[in-house]
Amino acid sequence: MNANESAEDFDDLADVLALPEGRRVITPREVATLLAAATRVHAVGAEGCAPALVARAFAEAGAHVLYVAPEVDGARRAAADLSFVAKGGDAILSVLPAESTPWADVRPDRRGQMSRTGALFHIARGLPWRFAVTTAAGLVRRFVPPAPLRNAAVELIAEDEIDVRAVAEKLSHAGYLRVPVVEDPGSFAVRGGVFDVWPPTSEEPVRAELYGDLILSLKFFDPESQRTGESLARVWLPPTREAITTPADAERARAVLRSLCDAVDFPSSKARALEEDVATARSLFGLDGFLPAFHQLVPLWDYLPEDTVVLVEDPARVVAQIRQELGHAETAHAERYAEPRFGLEELYVREATIAEALAQLPVAALHRTAVVGTSENPARLDDLELAPLDAPSLAIRDHADLGRAVTRARSERGKGAALEPLLRRINAWHEAGLDVTITARASTQAERITTLLGHRGVRVADAESRAPRGTVKVVTGALARGAIVPSEAFVWVTEEEIFGQRAHRRQERSKSARAFLEDLRALEVGDYVVHVDHGIGR
C-alpha cells in the first residue's frame, strides 16, 4: 500500500471478500431447490442484484416469479436487473399501483394506467411471461378482476375479417383515444382502408391495411415518418385503463354511485355530475377511488398462475411500506367521511389477509441483513419480516464500498484518482479467482470504459470475445445494481457504480404540436386557461 492509498479502503475490500462466519453459504439455484421442498425460505446476504439472480433461478426451474420490491424506484431497478439476467427474452411485466391514495386530488396518470393494465391483461390472458414486478403497495391495493380486462381486449389477425365500427367502439370503451393521426400509445385512427392503433404494450404502433372488412396485412410503422416496417401475424390490443365503460358497465356504475351519494345526502346536482364523470371514466380527481363502481376489485394474487413463486426483496422494508400504505389509506379515507366513497376494504387488502394469502404461496424472503426473531401474532407479517437464526446466506455483496472509496479518492487526490479504487478491486477479485464484468448502458460508454481501463494496463474483452482469466469483460446492458458473487465466482459492476449516478433523460420525439393537442384533450369544463391576449380565464 503506497502513501496515497487509504487504509480504510483496504479494510472495506477485505470485508467485502470475506465470507460470513457461522452461516451456511448457498447459491441462487440452491434457494430455488430449498423452496421446492418448503413453502417459505429465508436467506440473508442478498445485496445488489442478488434477488434478480434468485428470480432467474426460479424461472430456469419453470416457475413464474412475482418480484416484490419495497417501493417504485426499487421496482424499476429490479426490472432493469431482471432484463439483464433473464435469458430467452422472457417478458418482464410491471404492475405498479398509483403512488397516491385513490382519494387524492390528482388525475390518474395515463401512462401509469396503460403500463399497469397492459401487464395485468398479459397475465390474465395467459400470454407468455416469467417475471412480474410490483411493490409493497401492489400487495395492499386491489385491482380490476381478470375477466373484464380479457373481455375488453381486441385481437387483430392478418387475413381475418373485422367489423371496423364495432372494434372502434370497443377500443373507445377500453380507454383508447380516437385521433386523426396515431402518434401516441393508447390511440387509434381510421382512415379509408387503413386502421392504425398503438397498443400500450408495444414499442411501435401497428397498421392494419384493409380491403373492405378483410385485414390484408399487419405491420409496425414509424409514428414520425408513418412508414411501415416489420410484418406480424396477430396483435393484442389490451385496455388502456381499469375502468371499462361499456353501456352495461356504465349503467352499473351510475346505479352504484347513486346509492353512495344518497347515503351521505350529496347534493343532487353534484351527484348527477359525479355519476356522469365516473360512468364515462373522465379524467377527474379521485377516479381510482370509484373503480369498485364498475367491478368488485380483487387482490393481485388472484391473477397469478399456480406455479408462481413470490420473491420479496428486503422483507423488513416491504413490511414497513405495507403498514405505511395502509396507514395513509386509513387517514385519507377518514378525511372523506362527508363525501360519496367506498369502504376501505373494497380498495385495499388488510395486513392479516396479506399474511394469510402469502402463507398459501411459496415465498422466498431475501434479506440484506438478518433481522432475527419470531412472531407472536400469526395474523401479522412478522414471519416475513424476521429471519430465522439459522437462515443461510447468499453472501452476495453490493458495491457500496466502491462508491465510498471513489468519493474519498476524488476528495483526497482529485478527479484523476477516481479509477484507482476500481483498479485495486479488479486485482483483488482476479486474485480471488472471480471473473469481472463491467456493464454500460450504451456502446459509447462501453468504449469509453474500455479505453480508460486499457490506458491503466487492464486487459479488456468485449461481449463477443472469450475472456481469459485475468481479463475484464465490458458489455452493454440495463443492469441497475452490480454484485460480488463468490459462490459462482463472478463480479458485475455497473458504470454508475464507477462514475456515479447520471441523469438519464428520456429521448423525446419532436412533438410540440402533439403535446399541445394532448393537453387540449385533458381540458375539462371549468379548468383554468391562459389566453395570449386576455390572461387567465375559465
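See above for the structure.
What this report covers is the structure whose coordinates are included nearby. (Residues numbered from 1 in each chain as written. Predicted model: local features only at pLDDT ≥ 70, side-chain atom pairs only at ≥ 80, totals over all residues. Heavy atoms only, no water.)

1. Concerning the overall build of the chain
Each helix and strand in the chain was counted, giving 18 helices and 24 strands. Looking at the chain as a whole, 50% of its 538 residues are labelled buried. For the chain, the accessible area works out to roughly 25,900 Å², and carbon and sulfur atoms hold 49% of it. (Helix = DSSP H or I, 4+ residues; strand = E, 2+ residues; numbered from the N terminus. Buried < 20%, exposed > 50% of the residue type's maximum accessible area, 1.4 Å probe, protein only. Areas by Shrake-Rupley, 256 points an atom, 1.4 Å probe, with all protein chains shown as cover.)

2. A few points about unusual backbone geometry
Across residues other than glycine, the phi torsion is negative in most instances, and most of the peptide bonds are trans. In this model, Gln226 sits at a positive phi of 65 degrees, which is unusual for a non-glycine residue. On the accessibility criterion, Gln226 (22% relative accessible area) is partly exposed.

3. Notes on the sheet that holds strand β10 (residues 206–211)
Read from one edge of the open sheet, six strands run β7-β8-β9-β10-β11-β12, paired in mixed fashion. The open sheet has two edge strands with one neighbour each: β7 (177–178) and β12 (228–231). Note that β10 and strand β11 (residues 214–221) share six bridges and pair antiparallel. Directly across from Ala208, in β11, lies its bridge partner Leu218. (Pairing = 2+ DSSP bridges.)

4. Quick look at the packing of helix α2 (residues 28–36) against helix α3 (residues 50–60)
At their nearest, the axes of α2 and α3 sit 8 Å apart, and the two run at 55 degrees to each other. Overall, the two elements α2 and α3 adopt an arrangement that is oblique. Seen along the crossing, α2 lies across α3 with a hand that is right-handed. On α3, the residues that touch Pro28, Arg29, Val31, Ala32 and Leu35 of α2 are Leu53, Val54, Ala57, Phe58 and Glu60. Along the lines of polarity and charge, the residues of the contact of α2 with α3 split into eight nonpolar, no polar and two charged. (Axes fitted to C-alpha atoms, helices over the stretch in contact; angles between N-to-C directions. Parallel < 35°, antiparallel > 145°, perpendicular 65-115°, else oblique. Left-handed = near helix turned anticlockwise from the far one by under 90°. Contact = heavy atoms within 4.5 Å. Nonpolar A, V, L, I, M, F, W, Y, C, P; charged D, E, K, R; others polar.)

5. Digging into the pattern of salt bridges
Applying the stated criterion across every chain yields a total of 28 salt bridges. With a closest N to O distance of 2.7 Å, Asp196 and Arg191 form a salt bridge. Residue class for Asp196 comes out buried when judged on its relative accessible area of 0%. By relative accessible area, which is 36% here, Arg191 ends up partly exposed. (Salt bridge = Lys/Arg side-chain N within 4 Å of Asp/Glu carboxyl O.)

6. Description of the nonpolar core
The biggest cluster of nonpolar side chains holds 59 residues, and the ones touching the most others in it are Tyr303, Ile322, Tyr348 and Ile354. A per-element tally of this core places helix α11 (residues 315–335) first, with six residues. Excluding anything up to four places from it in sequence, Tyr348 contacts Thr101, Pro102, Trp103, Val140, Arg141, Arg142, Glu325, Leu326 and Ala329. Grouped together as the second largest cluster of nonpolar side chains are 41 residues, Ile26, Leu35, Ala50 and Leu366 included. (Core = buried A, V, L, I, M, F, W, Y, C linked by side-chain atoms within 4.5 Å.)

7. What about helix α16 (residues 443–455)?
For α16, which comprises 13 residues, the first-to-last C-alpha distance of 18 Å matches the rise-based estimate of 18 Å (1.5 Å per residue) to within 8%. All buried positions along α16 are accounted for by Gln445, Ala446, Ile449 and Leu453. End-on, the buried residues of α16 take up no more than an arc of 105 degrees, which puts them together on one face. Away from its buried face by more than 90 degrees, α16 exposes Thr444, Glu447 and His455. The elements touched by buried residues of α16 are α15 (420–431), β18 (435–440), β19 (460–461), β20 (472–476) and α17 (495–499). In the segment just after α16, Gly457 is the residue with positive phi, at about 85 degrees. (Expected span 1.5 Å × (residues − 1). Arc of directions from axis to C-beta.)

8. With respect to the pairing of strand β6 (residues 154–157)
Only one face of β6 is covered, namely the face carrying Val154 and Leu156; the face carrying Glu155 and Ile157 is uncovered. Relative to strand β13 (residues 234–237), β6 runs antiparallel, the two being bridged by four bridges. For Val154, the partnering residue across the bridge sits in β13 and is Leu237.

9. Quick word on the packing of α3 against helix α4 (residues 72–85)
As a packed pair, α3 and α4 sit with axes 9 Å apart at the nearest point and diverge in direction by 50 degrees. In this view, α3 runs oblique relative to α4, as classed from their interaxial angle. In the crossing of α3 with α4, the sense of the turn from one axis to the other is right-handed. Counting all contacts with α3, which are made through Ala52, Leu53, Ala55 and Arg56, the residues of α4 involved are Asp81, Leu82 and Val85. Of the residues that constitute the contact of α3 with α4, the class distribution is five nonpolar, no polar and two charged.

10. Comments concerning the sheet that holds β18
Read from one edge to the other, the open sheet built from five strands follows the order β19-β20-β18-β22-β21, with strand pairing classed as mixed. Where the open sheet ends on each side, the last strands, each with one partner, are β19 and β21 (483–485). Note that β19 and β20 share two bridges and pair parallel. For Val460, the partnering residue across the bridge sits in β20 and is Val472.

11. Points about α4
Helix length check: α4, at 14 residues, gives a terminal C-alpha distance of 20 Å against a target of 20 Å (1.5 Å per residue), a fit within 8%. The complete set of buried residues in α4 reads Val72, Gly74, Ala75, Ala78, Ala79, Ala80, Asp81, Leu82 and Val85. Check the buried side of α4 and you find it contacts α3, β2 (64–69), β3 (92–94), β4 (131–135) and β22 (490–494). Where α4 begins, the side chain of Glu71 points an oxygen toward the backbone nitrogen of Asp73, at a separation of 2.9 Å. (Polar contact = N/O pair within 3.5 Å; in protein donor to acceptor, adjacent residues only side chain to side chain.)

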